[in-house]
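# Architecture and fold: a report
Chain by chain, the residues run as shown.
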Amino acid sequence: MFNKLRFVHNQLRLYKNLELLGQRNALTLPIVSLSSPYIAYMGTERSVVMITAPGVSTYCKSRELENQESESRSKIKMSMATSGIVESFPTGALVPKAETGILNFLQKYPEYDGRDVTIAVFDSGVDPRATGLETLCDGTTVKVIERYDCSGCGDVDMKKKVTPDAKGSFKGLSGNTLKLSPELLALNTDPEKAVRVGLKSFSDLVPSKVRNNIVAQAKVKNWDKPHKTALANASRKLVEFESQNPGEASKLPWDKKIVKENLDFELEMLNAYEKVYNDIKTSYDCLLFPTANGWLTIVDTTEQGDLEQALRIGEYSLTHETRNVDDFLSISVNVHDEGNVLEIVGMCSPHGTHVSSIASGNHSSRDVDGVAPNAKIVSMTIGDGRLGSMETGTALVRAMTKVMELCRDGKRIDVINMSYGEHANWSNSGRIGDLMNEVVNKYGVVWVASAGNHGPALSTVGTPPDISQPSLIGVGAYVSPQMMEAEYAMREKLPGNVYTWTSRDPCIDGGQGVTVCAPGGAIASVPQFTMSKSQLMNGTSMAAPHVAGAVALLISGLKQKNIAYSPYSIKRAISVTANKLSYVDPFAQGHGLLNVEKAFEHLAEHKESKDNLLRFSVRVGTSQAKGIHLRQGVQRNFVDYNVNIEPIFFNDKETDPKDKFNFNVRLNLIPSATWVQCGAFLDLSYGTRSIVVRVDPTSLQTGVHSAVIRAYDTDCVQKGPLFEIPITVVQPHVLESDQNTPVFEPATTKGEKSVEFQPNTIQRDFIVVPDKATWAELRMRITDPNRGKDIGKFFVHTNQLLPKQSCRKLETMKIVAVGSEQESTMVFKVKSGKILELCIAKYWSNYGQSHLKYSLRFRGVEAHNPNAYVMHAGRGIHKLEVEVLVSEDMQPLLQLKNAAMVLKPTEAKISPLSATRDVIPDGRQVYQNLLVYNLNVAKPAEVALYAPIFNDILYESEFESQMWMLFDANKALIATGDAHSHTFYTKLEKGDYTIRLQVRHEKRELLEKIAEATLVAAFKLTNILTVDFYENYNQCVVGGRKVTTSLLRGSSRMLYIAPITQERLSKANLPAQSAWLSGNIVFPQDEAGRRVALHPFHYILNPVEKKMHTNGSSNGSSSGGSTAAAAAVASASATKPKAPATPPAATTVANPAAGDGVNVQGDQPVENGTSPASPKKGKSNADDYAESLRDFQCSHIVKCELEMAEKIYSEVVNAHPKHLQANLLLIQNIESSQLKSQLPLAFANAQKAAPQEVAEGGEKPKEDQKKVRSALERIVKLADMVIKDTDAEALLSYYGLKNDTRADAAKIKTNMDKQKNNLIEALSKKGIALVKLAVLDDAVKDRLSDINDLYTEVIKFVDANDSKAIQFALWHAYANAHYGRMYKYVVKLIEEKRSRDYFEELAAINGALGHEHIRAVINRMVVTAFPSSFRLF
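Worth saying up front: this structure is predicted, and the values here are computed from it rather than measured.

Turning to the packing of helix H21 (residues 1181–1199) against helix H22 (residues 1202–1215), a few remarks are in order. At a minimum axis separation of 9 Å, H21 and H22 run at an interaxial angle of 150°. Classified by the angle between their axes, H21 and H22 sit roughly antiparallel to one another. By crossing handedness, the relation of H21 to H22 is classed as left-handed. Contacts between H21 and H22 involve Arg1190, Gln1193, Cys1194, His1196 and Ile1197 from the first element and Ala1205, Ile1208, Tyr1209, Glu1211 and Val1212 from the second.

What follows is the structure in structure tokens.
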């Protein structure tokens, strides 16, 4: 018997008396049956407990003991389930701060937490409702104090004023009646009690993903149930009909057939709306009026005009209000230009909120606070929702202007964070960069910018920070072991390092773009529309706000200690005190990892330094570069550079001249490498000094080498360098030139020729691309034994820098999985003679050591003669002199895929922009040049638009903005583009379009110089044009022997291309007046080479022979303002007919106006049995005169007032009783002058409302109805005259002939066709008039037989969908209540021309069917698709 406890835990053996067990708290032992062993898991160790007691039988257990055992077992099971859990989460690494000393700094200086500091966030917008961004640390003061959308995306034109009636009602721009309650009317302080109205589509105020969520939620809530019911009912009706009418549909009688068609089209309609639902955009009426507390905005989110339930919101600057439009989107508003512009502020992505949370989030838990939790935020939206959140020049300039204004008005902006940017083609000039420098140098704002996520190759820093002066703080992205654990859930920590993709120095001009690095990832707050409290994001976008927050801490402390500072002193302090990480890529970390504590100490220690308010401008050579960058081939000689150094005071123009006069500093210049030499000392007063820097790279090994010249103040060396001159030299490998294919392999000491890679190891090789090489093949394989299927994750980045082009012009970036079992291959394009950087990095989070063997093989075949890739059709045969690198199989292919149309501006107008938003302090008005272009699309096409002189430049542009907007004929916005739009294609339907291009600058004279700037419309060809190659000149001329494949070795080969024949060009259906065709030419037969070795090719077309409209297309609507009859009269009288008094809809198929079925015909109506030609042989001069007079009179029947037209008509008919054309022309006049332009349901609904109008309006509505009836009856009589005098049976007999062998068969056919067209038109006119009369008499069913008879007569000659009959077919469908057929006809009309009337008719059709959910959606479409004016820029 044991009377002791044997306890094993944590590998310790403890013996305790059983009676002492109850005194221990560390472990509660279970009650177990005697002599039965029990094992329990405690943590990760095992405890063995064995207990016995004398005198107790193992078989005698009381019920109490059993219950205790059961409870004990439950506890043990829970203990086993929670084995190994760590109860504390490393929350401090979610928004990392320890790495840069933030936590220590705040612990040491808790009052320097960002108070009295404001950070302007240039981004996608900040959500003031996001967690941690509601208030400052006091819990009451608003954190986001200002909120602006600088892009213009949220702007609403509010110039239109309306005055509500006595009941508070008025029309909104949507067409809805809006009503203000007495309470709201009382708030209006406008002297005339007028209100401003506008219309806004909210679709681009949120990211596309959120927009999809909004639509999906609305679909579930309001659409799915009624639509599924409607689909089921429509399907049921169709099945019932088919069961009652078995057999083929084509064999049904005509009346059954149209019933079947109607049911089919109903089902088709329902399916069509289901497909387009997600593309429907919502626009809301916006209302604005002044109150005693500022402007009040009301947005009719009800879409019903119920403003009592609508969204109300005040100006954010005054009220700090945000309101929810729906469950996802919240907005705020600002008002500009005395109420003319309403600015609705949304967010085009979650990015800006996440950034702000890192910089200044204030949470209940200090662990997840931002860096400066007590700093205020000003949100400046620079991302434009119309461009998918890309920044624009307009937005940037407006944001900078606002910063200047706030600083000037005492609401100082201390720090700007900009986690945005592009890559510029050059950085030593540019309008936006100049303004950025002004913000820093004149207003003293510290500007922090993300360096970019475009590494690991060199010279990939973005703009900003790479602008003309190094005035900004550029930030690279660092990841710490703690971040790996908390943010990325990595199974083990790796040493801290920069992210693989963070951009690298130097700038292309040699400057330093990365100032410091900082944590580049965080799990931080995001907007409410994401339906998530926080998200993980990483990038230099996250590193920049960390530094911006750190700068806010520094400024907060400096302000409280009354220490003067400048952007220059802060940048120098964080540079000098950063922790240089010896094991981290020096090109990615700048001066090192930010250290806030040391930076503050540095600023405090050197607070009296005379250079605190100074910057030192360093300019190298004539190009004014920011540094020295040698990357032009093998450097075999030293190079001397003239470097100009100039001290410049902060706000130089307002600096006291005495300060300038008294300034002097004596510098010691220290190069960091022996291959850089310069004078050791420099005495510098307030003026420019020039020094010579000699760079001698002759002894440098292949690879990249960097050095820096540091300038120390000899009076205070410990302060650190006042400025630096960065130097970067690349010594490339040059491959041996022989008969073999050039192959590069890295130098290595390992036997298998491999290179060792740890996580984030970077191997850079620089190779001069051999002459004639056009592509390269990279082959990689892991050589580690026993790796099996384990793979390494490698980031491969190749780059060649081209003159005055960004680093993105010729590069390849790809993450490649490499294993040991097979070779991985990557192929990319190269340019011969230029240095190629081959950068291979093991991805930062890829565990383990890998040995990688790789080689780079160059191959090439291309044409080398001048202008080889531009062919002018007018110059005849085009020659290509093709050469190879060594030896290649050639299979040339030239495909032309796009046709370019050059558009010239039809208007260019310079005008000043907003007097409140677009005036740079002080008084520098910004102007716009608004250029307008017309574009006709003859058939549906994909089109890309761009302005060549502005294309692909933004920050480096002389102009501050260039944006175009494409509108359809109804002024609806279709697409938007800016500096990078040439590769983005938009699907356009047939029709006329207007493009408005806005270019901005503060100097009018510069805008005047671009008044003739052209726009290019690039159309994707539906059928690619493939051009043949010929082996010699003569074979090319005669179209003989072609070249397909051949082997080229050593010598060159001539290829010949013939101009494309006019027949092929015609079949290609090119847009009218295309200027050139573009595509690609490839030469290699190798499949991999064909994918990358593409050469852009342009084929310049011959000018078109016939005179076309401006802009290479119709560019102006075709003559659709009159019917065939009017056109015929115009031809005969040589007088262009005046357009009918009604809109063009009255006389074109595409627009059913008052004509209600007047059909476009190519030929005039003629008298029976006569030819339209005049004069005829055998006619007397008197006959000719009589016919000419008749034709002249007929031309005026359409143009004159009705009374005069009736007189002329009578004269014509009396003189020419058989001239049927006069009847049709008079019908036109009656329709245009006496009848409203209305479609069937619109007409019917208007008649239903007529009794109410009569009751309210007295006698006038009655008179109007009488006029309508009289006009319709007159139309019936006139149509009957044409029908009566036309032999329909003769026409049918003629068209029943298979062959007409008569000598004058062609003339007879022409005559018969014209008679048929006249008859169809007359039948259609009469049919529509009869339906209208039946509606007036409420007797449609009673007269249906007559209407059907007319319809059957029409369809004997033409299909109901034909343009000549479709209008009557629509009215006939209405008379039969065939709403499915009505839908089909209206849709066909819309295909010809989009009209608001058509969409409203579609809504009425669905209302008649009881589909109210579709009706609501179509009404929503109408509001968005037919705005009253062009959208604001």
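There's plenty left to go through after this.
As a further point, take the sheet that holds strand S31 (residues 664–671). Taken in spatial order, the five strands make up an open sheet running S29-S36-S35-S31-S33, and their pairing is mixed. Each of the sheet's edge strands pairs with one partner strand only, and the pair in question is strand S29 (628–630) and strand S33 (681–685). Neighbour-to-neighbour, the strand axes of this sheet turn through a mean angle of 20°, independent of strand direction. As defined by bridge partners, S31 adjoins strand S35 (residues 703–713) across five bridges and the pair is classed as antiparallel. Directly across from Leu669, in S35, lies its bridge partner Ala711.

With antiparallel pairing, three strands are arranged side by side in an open sheet as S47-S49-S62. Two strands lie at the open edges of the sheet, namely strand S47 (861–863) and strand S62 (1053–1057), each paired on one side alone. Each strand axis lies, on average, 30° off the axis of its neighbour in the sheet, ignoring direction. As paired strands, S47 and strand S49 (residues 878–884) are joined by three bridges and run antiparallel to one another. Its bridge partner being in S49, Val861 is matched across the sheet by Val884.

Next up on the list: the packing of helix H26 (residues 1288–1295) against helix H27 (residues 1305–1336). With their axes 10 Å apart at the nearest point, H26 and H27 run at an angle of 130° to one another. It follows that H26 is oblique to H27 by the angle criterion. Crossing angle aside, the handedness with which H26 passes H27 is left-handed. Contacts between H26 and H27 pair Ala1288, Leu1291, Tyr1294 and Tyr1295 from the former with Ala1305, Ile1308, Lys1309, Met1312, Asp1313, Gln1315, Lys1316 and Leu1319 from the latter. A class-by-class count of the residues in the contact of H26 with H27 yields eight nonpolar, one polar and three charged.

If charged atoms from side chains of opposite charge come close, those side chains can pair. A full pass over the atoms with the stated rule returns 75 salt bridges. Measuring nitrogen to oxygen at the nearest pair gives 3.7 Å for the salt bridge that ties Glu485 to Lys493. Among the residues examined, Glu485 registers a relative accessible area of 37% and is labelled partly exposed. Here Arg779 makes a salt bridge to Glu823, at a shortest N to O gap of 3.4 Å. On the criterion of sequence distance, the pair formed by Arg779 in strand S41 (residues 775–782) and Glu823 in the loop between strand S43 (811–818) and strand S44 (824–829) is long-range, its members being 44 residues apart. According to the relative accessible area criterion, Arg779 is partly exposed, its value standing at 27%.

With respect to the helices and strands, Asn929 occurs in strand S54 (residues 927–937). A polar atom in the side chain of Asn929 sits 3.4 Å from the backbone nitrogen of Lys909.

A few words now on the nonpolar core. Counting residues in each nonpolar core, the largest one holds 97 residues, and the members touching the most others are Tyr273, Ile1197, Leu1226, Met1382, Tyr1385 and Leu1402. A total of 13 residues in this core trace back to one element, the largest contributor, which is H27. Not counting chain neighbours up to four residues away, the residues in contact with Ile1197 comprise Ala1205, Ile1208, Tyr1209, Ala1222, Leu1225, Leu1226 and Asn1229. The next biggest cluster of nonpolar side chains, apart from the first, holds 68 residues, and it includes Val144, Ala372, Val446 and Met484.

As a further point, take the environment of Ala578. Among the secondary structure elements, Ala578 is positioned in the loop between helix H12 (567–577) and helix H13 (586–589). Residues Ala578 and Cys517, 61 residues apart in the sequence, show an inter-C-alpha distance of 8.7 Å. Beyond its immediate sequence surroundings of up to four residues, Ala578 is in contact with Val516, His591, Gly592, Leu593 and Asn595.

Let's shift gears to the environment of Leu472. Along the chain, Leu472 falls in the loop between strand S22 (446–450) and strand S23 (473–479). By relative accessible area, Leu472 is classed as buried at 2%. Residues in contact with Leu472, not counting those within four places in the same chain, are Met436, Val440, Trp447, Pro464, Pro465, Ile467, Thr515 and Lys571.

Taken as a whole, this structure holds 29 aromatic pairs when the rule is applied. With centroids separated by 6.1 Å and ring planes inclined at 75°, the aromatic side chains of Phe649 and Phe663 adopt a geometry described as edge-to-face. Here the residue Phe649 occupies a position in strand S30 (residues 639–649), and Phe663 occupies one in the loop between helix H15 (657–662) and S31, the gap between them amounting to 14 residues. The pair formed by Phe649 and Phe663 is uniform in burial state, with each residue classed as buried. Look at Trp1371 and Tyr1374: their rings are 6.5 Å apart centre to centre, the planes differ by 80°, and that puts the pair in the edge-to-face class. Of the two residues, Trp1371 and Tyr1374 both sit in helix H29 (residues 1366–1375), three residues apart, roughly one turn of that helix. Summarising the burial analysis for this pair, Trp1371 and Tyr1374 share the class buried.

Definitions and limits used
Residues numbered from 1 in each chain as written. Predicted model: local features only at pLDDT ≥ 70, side-chain atom pairs only at ≥ 80, totals over all residues. Heavy atoms only, no water. Axes fitted to C-alpha atoms, helices over the stretch in contact; angles between N-to-C directions. Helix = DSSP H or I, 4+ residues; strand = E, 2+ residues; numbered from the N terminus. Parallel < 35°, antiparallel > 145°, perpendicular 65-115°, else oblique. Left-handed = near helix turned anticlockwise from the far one by under 90°. Contact = heavy atoms within 4.5 Å. Pairing = 2+ DSSP bridges. Nonpolar A, V, L, I, M, F, W, Y, C, P; charged D, E, K, R; others polar. Salt bridge = Lys/Arg side-chain N within 4 Å of Asp/Glu carboxyl O. Buried < 20%, exposed > 50% of the residue type's maximum accessible area, 1.4 Å probe, protein only. Polar contact = N/O pair within 3.5 Å; in protein donor to acceptor, adjacent residues only side chain to side chain. Core = buried A, V, L, I, M, F, W, Y, C linked by side-chain atoms within 4.5 Å. Phe/Tyr/Trp six-rings, centres within 6.5 Å; stacked < 30°, edge-to-face > 60°.

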